[in-house]
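# Structure at a glance
Chain by chain, the residues:
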Amino acid sequence: MPPETVTVAKSPAGTGRTDRSQARARAARHRRLLVHGTRVLLLVGLIGLWEGLARAAVIDPFNFSMPSRIWDQMSQWALHGTPQGSLWEQIWYTLYEALLGWVIGVIGGVVLGIALGRIRFLADVLGPYIKVLNALPRIVLAPIFLIWFGLGPASKVASAVVLVFFPVFFNAFQGAREVDRNLVANSRILGASNRQVTLQVVIPSATSWIFTSLHVSFGFALIGAIVGEYIGATKGLGLLVSASQGTFNAAGVYAAMVILAVVALLAEGLLAFLERRLFRWKPADAADGR
């Protein structure tokens with residue numbers, strides 16, 4: 001009589017890893033929902049507290065306004081326009097100045113930062129001058145640019161450029177200096193020229209440093225454009241702030257600030273999306289910890 005055989009079903013080797021991956025994904029989704037929900041509740045709570053304090057006259061609604069008045073002001077601008085023209089025209093005018101200044105400042109900062117990071121002689125010669133210029137309060141240059149370039153967009157673009165250039169430059173410079181020397185040495189052993197080392201080793205290695213500065217620098221570009229418009233302009237959100245302040249319209253000042261915040265958040269979201277697409281090889285944990 002043949003012996004009885006017992007068959008033991010074995011689970012696939014990858015099942016445990018799959019379960020752990022799914023558990024981590026669920027935990028990450030739950031955490032994102034918790035974070036977003038807490039953000040929304042915090043914002044709603046702050047707005048509700050502000051509205052309640054203003055209506056109860058705990059804070060002066062004339063000076064501090066209130067969220068409902070700010071919403072009414074934005075609705076009026078969106079539906080009926082501003083004294084300077086359509087609200088969308090004002091937004092586009094400021095965004096155009098900020099974008100142009102941001103692009104020029106980023107290109108200049110990256111090119112000069114990589115160049116000085118790669119060529120020590122240039123860094124030794126130009127380093128002190130760049131440090132002195134960086135120490136200057138660049139916002140005060142806006143009136144000088146207004147005198148040089150007039151009320152048009154050129155003066156606002158110049159203000160945005162000087163605010164954007166330095167953070168991008170220092171990040172690009174540091175990124176070029178922090179390149180793994182072994183990679184550079186191996187590239188030279190394989191016969192790479194200085195140009196090939198810069199384009200194929202240094203710049204890709206410094207890209208994460210540069211992208212880190214881009215998140216901050218676009219906000220600086222908006223600040224430069226707004227300050228320039230506040231001092232003197234024919235259009236733009238900065239002019240709306242200045243005009244609202246001149247008529248003691250606190251709701252108008254806050255409404256322009258809210259619009260600026262929305263524009264900055266949208267730009268930050270776009271930059272984050274581009275960074276994720278460009279650095280898909282980076283671990284998600286590293287991106288979250290940035």
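Below: a short report on this structure. (Residues numbered from 1 in each chain as written. Predicted model: local features only at pLDDT ≥ 70, side-chain atom pairs only at ≥ 80, totals over all residues. Heavy atoms only, no water.)

### Remarks on the nonpolar core
The biggest cluster of nonpolar side chains holds 35 residues, and the ones touching the most others in it are Trp77, Leu87, Trp102, Leu214, Leu237 and Ile259. The set of elements that each furnish at least two residues to this core consists of α3 (67–80), α4 (87–118), α7 (153–177), α9 (194–231), α10 (237–246) and α11 (250–278). Contacts of Leu87, omitting those with residues within four sequence positions, involve Met74, Trp77, Ala78, Gly81, Thr82, Leu237, Leu240 and Ile259. (Core = buried A, V, L, I, M, F, W, Y, C linked by side-chain atoms within 4.5 Å. Buried < 20%, exposed > 50% of the residue type's maximum accessible area, 1.4 Å probe, protein only. Helix = DSSP H or I, 4+ residues; strand = E, 2+ residues; numbered from the N terminus. Contact = heavy atoms within 4.5 Å.)

### Some details on helix α6 (residues 141–149)
Along α6, the residues classified as buried are Ala142, Phe145 and Leu146. What you see down the axis of α6 is that its buried residues fit within an arc of 105°, all on one side. Exposed positions of α6 whose direction lies more than 90 degrees from the buried face are Ile147 and Trp148. At the exit of α6 stands Gly150, carrying a positive phi of roughly 85°. (Arc of directions from axis to C-beta.)

### As for the packing of α4 against α10
Relative to each other, α4 and α10 sit at 120°, their axes nearing to 7 Å. Regarding the angle of α4 to α10, the classification is oblique. Facing Leu87, Gln90, Ile91 and Thr94 of α4, the residues of α10 in contact are Leu237, Gly238 and Leu240. Considering only residue class, the contact of α4 with α10 consists of four nonpolar, three polar and no charged. (Axes fitted to C-alpha atoms, helices over the stretch in contact; angles between N-to-C directions. Parallel < 35°, antiparallel > 145°, perpendicular 65-115°, else oblique. Nonpolar A, V, L, I, M, F, W, Y, C, P; charged D, E, K, R; others polar.)

### Details of the packing of aromatic side chains
Scanning the model with the defined rule gives 10 aromatic pairs in all. Ring geometry for Trp102 and Phe218: centres 5.8 Å apart, planes at 85°, overall edge-to-face. Here Trp102 is found in helix α4, whereas its partner Phe218 is found in helix α9, with 116 residues between them in sequence. Take Phe218: its relative accessible area is 6%, and that puts it in the buried class. Both rings, one in Phe169 and one in Phe170, keep their centres 5.1 Å apart while their planes meet at 70°; by these two values the pair is edge-to-face. Through pairs of rings, three or more aromatic residues link up here, namely Phe165, Phe166, Phe169, Phe170 and Phe173. (Phe/Tyr/Trp six-rings, centres within 6.5 Å; stacked < 30°, edge-to-face > 60°.)

### Considerations on the packing of α6 against α7
Where α6 contacts α7, the two axes come as close as 8 Å, and the packing angle between them is 145°. The handedness of the crossing between α6 and α7 comes out as right-handed. Contacts from Ala142, Phe145, Leu146 and Phe149 of α6 reach α7 at Ala154, Ser155, Lys156, Ala158, Ser159 and Val162. Here the contact of α6 with α7 is composed, by residue class, of seven nonpolar, two polar and one charged. (Left-handed = near helix turned anticlockwise from the far one by under 90°.)

The quantities given are spatial measurements derived from coordinates; they are silent on function.
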